[in-house]
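What the coordinates show
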Amino acid sequence: MRIIGGKYKSRVLAEFPGEDVRPTSDRAKESLFNILALKIYGARVLDLFCGSGALGLECLSRGAKEVVFNDYSKESLAILKKNLTALKIPVGGEETKVQHADYLVCLEQARGQFDLIFLDPPYRFDYGEKALKKIAEKGLLSENGIAVYERDRPFEGDVAGLEKYDERRYGKAYLTFFRRG
């Protein structure tokens, strides 16, 4: 797993041992960041189920103003902190905030709006749909903000307050894009 573009391009990231954790593939990540290219510089980003932090770190590499990393797993946050240290990004500095919280608690306590929100929860749970509803309810997306939800199947249904405007498939992963409705 590596950073694809920006000032940390080609830097290899620490990842989880074994097969239990499924990081976003480099192919899907590259396509995702080509789609989001003009939205990243100066953006405020929430990496809600951050895992190793790969998506948020890619945003920092490409000039995001601030990334809030959140995960409930202490193991995930340890890998994230290892990656931040390797890239010489201060943990809890101006650019980063690292939180250890349940995703709904994180969203409930969030202040301000985000230009990008990444939702990459474990596939076996429906956390993403609940998170999207909370994002809409709390108005956490900025006027031109985008929420990207990764899962193992197409998104069915609607989320009040959000509009699904695009969906792409990369191998087993589906990336679904939402904006304010």
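Residues numbered from 1 in each chain as written. Predicted model: local features only at pLDDT ≥ 70, side-chain atom pairs only at ≥ 80, totals over all residues. Heavy atoms only, no water.

**As for the overall build of the chain**
Secondary structure summary: the chain contains six helices and seven strands in total. For the chain, the α and β elements follow one another from N to C terminus as α-α-β-α-β-α-β-α-β-α-β-β-β. The principal-axis extents of the C-alpha atoms in the chain amount to approximately 40 × 35 × 30 Å. Each of the 181 residues in the chain was classed as buried or not, and the buried ones make up 48%. Restricting to contacts in the chain with at least 6 residues of sequence separation, those with at least 24 account for 63%. (Helix = DSSP H or I, 4+ residues; strand = E, 2+ residues; numbered from the N terminus. Buried < 20%, exposed > 50% of the residue type's maximum accessible area, 1.4 Å probe, protein only. Contact = heavy atoms within 4.5 Å.)

**Let's talk about helix 1 (residues 26-35)**
For helix 1, the full list of buried residues reads Ala28, Lys29, Leu32 and Phe33. End-on, the buried residues of helix 1 take up no more than an arc of 125 degrees, which puts them together on one face. For helix 1, the exposed residues set more than 90 degrees away from the buried face come down to Arg27 and Asn34. Against the buried residues of helix 1 lie helix 2 (37-40), helix 3 (54-61), strand 4 (114-119), strand 5 (141-151), strand 6 (162-170) and strand 7 (173-180). (Arc of directions from axis to C-beta.)

**Description of the sheet that holds strand 3 (residues 96-100)**
The strand order across the open sheet formed by seven strands is 3-2-1-4-5-7-6, and the pairing between neighbours is mixed. The open sheet has two edge strands, strand 3 and strand 6, and neither has a second partner. Neighbour-to-neighbour, the strand axes of the sheet open up by a mean angle of 15 degrees, direction not taken into account. Packed onto the sheet, helix 3 meets strand 1 (44-47), strand 2 (66-71), strand 3 and strand 4 and runs at close to 170 degrees relative to strand 2. Across the sheet, helix 4 (residues 74-86) lies against strand 2 and strand 3, angled at about 160 degrees from strand 3, the strand it touches most. (Pairing = 2+ DSSP bridges. Axes fitted to C-alpha atoms, helices over the stretch in contact; angles between N-to-C directions.)

**Looking at the nonpolar core**
Within the largest apolar cluster, 32 residues are counted, with the highest numbers of intra-cluster contacts made by Leu32, Leu36, Leu57, Cys59 and Phe118. Elements with a contribution of two residues or more to this core: helix 1, helix 3, strand 2, helix 4, strand 4, strand 5 and strand 7. Residue contacts for Leu36: discarding those within four places in its chain leaves Leu116, Phe118, Ile146, Val148 and Phe177. Among the nonpolar cores identified, the runner-up in size contains 23 residues, and Ile117, Leu119, Leu141 and Tyr149 belong to it. (Core = buried A, V, L, I, M, F, W, Y, C linked by side-chain atoms within 4.5 Å.)

**A closer look at the pairing of strand 6**
Note that strand 6 and strand 7 share eight bridges and pair antiparallel. Looking at the pairing, Lys164 lines up with Phe178 of strand 7. Counted between consecutive antiparallel strands, the loop separating strand 6 from strand 7 contains two residues, among which Gly171 sits at a positive phi close to 60 degrees.

Note that all results are geometric; they support no functional claim without further evidence.
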